[in-house]
Amino acid sequence: MCGRYALFRWGPEFARLPGFPPEQAPHWSLAPGASVLLARAQEDGRRLDAVRWGLTPSWLTDFSRTPAQARAETLAEQPMFREAFRMRRGLLPANGFYEWRGNVRKRPYWMTNEASIMYFAALWEAYPVEGCEYLSTAVVTLQVAGQRRPLILDEAQQRLWLRPDASLAQLQALLAGPLPALRERALAALVNDPGLDAPECLTPA
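Per an unreviewed UniProt entry, the protein goes by the name Abasic site processing protein and belongs to Stutzerimonas kirkiae. Per UniProt, the protein carries the Sequence similarities (unreviewed entry) text "Belongs to the SOS response-associated peptidase family."

Structure representation (structure tokens):
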């Protein structure tokens, strides 16, 4: 399951996007519940917003149920996700994500591709509280090799995903994959510490 990812490196073009926080710090370990950056469409391009990783629809009353992942296979049917799937789609920028494998003792791996920043398909929701509007998100995942991996979109796929007039058939085609080829690197156990958010997370095995 995609439970942690990282965004610690970006270029000037990314930092010039509207909404980029001037105080944005690099993060080597972003987990559910963290504040993360979400890219959304606007009339003249994209903007970034700081959002909570854990989807919170406005009708939700049980705040222990804020899913961080949304299964691509059931997005269109599940009450938690179907309206956001139709109307509120975004992208999570990342340098890579972590994956743990093994039965008895799980080994962590760092997963990346050729792009300096990869973009995960995501859904977002707004939750009003005392006149303020808080944003939240969930990453869309696919079943791959026994793991739930984020749905990674290339540039053309990103544009389609963000289009408000994208048809259900077009979106379903994106959800069907396939995922791009990924590079992987086995890591030392330091990244197993959920409190560690530092370059040491990427210490090779």
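Student: Would you mind going over the packing of helix α3 (residues 155-162) against helix α4 (residues 168-175) with me for this structure?
Tutor: Any two packed helices are characterised by the angle at which their axes cross and by the distance between the axes. Their axes nearest at 10 Å, the elements α3 and α4 cross at an angle of 140 degrees. Relative to α4, the element α3 is oriented oblique. Our pair here, α3 against α4, has a crossing hand that is left-handed. On α4, the residues touching Gln157, Leu160 and Trp161 of α3 are Gln170, Leu171, Leu174 and Leu175. Residue composition of the contact of α3 with α4, grouped by class: five nonpolar, two polar and no charged.

Student: Please explain the environment of Asp44 as it appears in this structure.
Tutor: Within the element layout of this structure, Asp44 appears in the loop between β3 (35-42) and β4 (45-53). A polar contact of 3.0 Å, which involves the side chain of Asp44, links it to the side chain of Gln42.

Student: Any chance you could explain the pairing of strand β6 (residues 89-94) here in plain terms?
Tutor: Residues in a regular strand point their side chains to alternate faces of the sheet. Where burial is concerned, most of β6 is hidden: six out of the six residues are buried. The two faces of β6 match: Arg89, Leu91 and Pro93 on one face and Gly90, Leu92 and Ala94 on the other face are all buried. One ladder, built from six bridges, connects β6 with strand β9 (residues 118-129); its direction is antiparallel. Across the sheet, the residue bridging to Pro93 is Tyr119, located in β9.

Student: Explanation requested: empty space enclosed by the protein in the structure shown.
Tutor: Gaps left between atoms show up when a probe the size of a water molecule is rolled over them. Inspection of the entire model under this criterion finds one cavity of 30 Å³ or more. A volume near 40 Å³ is recorded for the largest cavity. Broken down by secondary-structure element, the contributors of at least two residues to the lining of the largest cavity are β1 (5-7), β2 (27-30) and β3. The element contributing the most residues to the lining of the largest cavity is β3, with three residues.

Student: Help me understand α4 in this model?
Tutor: Think of an α-helix as turning once every 3.6 residues; residues three or four places apart then point the same way. All of the buried residues in α4 are Leu171, Leu174 and Leu175. Looking straight down α4, one finds its buried side chains confined to an arc of 100 degrees; they lie on one side. The inward-facing, buried residues of α4 abut α2 (82-87), β6, β10 (132-144) and α3. Phi for Gly177, located one or two positions after α4, is positive at around 75 degrees.

Student: Explain the side chain of Arg46 here, please?
Tutor: In this structure, Arg46 sits in strand β4. Of the polar contacts made by the side chain of Arg46, one reaches the side chain of Glu155; its length is 3.4 Å. Among the polar contacts listed, one links the side chain of Arg46 to the side chain of Gln158, at a separation of 3.0 Å. Once residues within four sequence positions are removed from consideration, Arg46 is found in contact with Leu17, Pro18, Arg40, Leu91, Tyr119, Glu155, Gln158, Arg159 and Leu162.

Parameters at a glance
Residues numbered from 1 in each chain as written. Predicted model: local features only at pLDDT ≥ 70, side-chain atom pairs only at ≥ 80, totals over all residues. Heavy atoms only, no water. UniProt positions renumbered as here; feature names shortened; annotations may be inferred. Axes fitted to C-alpha atoms, helices over the stretch in contact; angles between N-to-C directions. Helix = DSSP H or I, 4+ residues; strand = E, 2+ residues; numbered from the N terminus. Parallel < 35°, antiparallel > 145°, perpendicular 65-115°, else oblique. Left-handed = near helix turned anticlockwise from the far one by under 90°. Contact = heavy atoms within 4.5 Å. Nonpolar A, V, L, I, M, F, W, Y, C, P; charged D, E, K, R; others polar. Polar contact = N/O pair within 3.5 Å; in protein donor to acceptor, adjacent residues only side chain to side chain. Buried < 20%, exposed > 50% of the residue type's maximum accessible area, 1.4 Å probe, protein only. Pairing = 2+ DSSP bridges. 1 Å grid on protein atoms, 1.4 Å probe; cavity = no way out; pocket = protein on both sides within 12 Å on 5 of 7 lines; lining within 4 Å. Points joined across faces, edges and corners; volume = space filled by probe spheres on them. Arc of directions from axis to C-beta.

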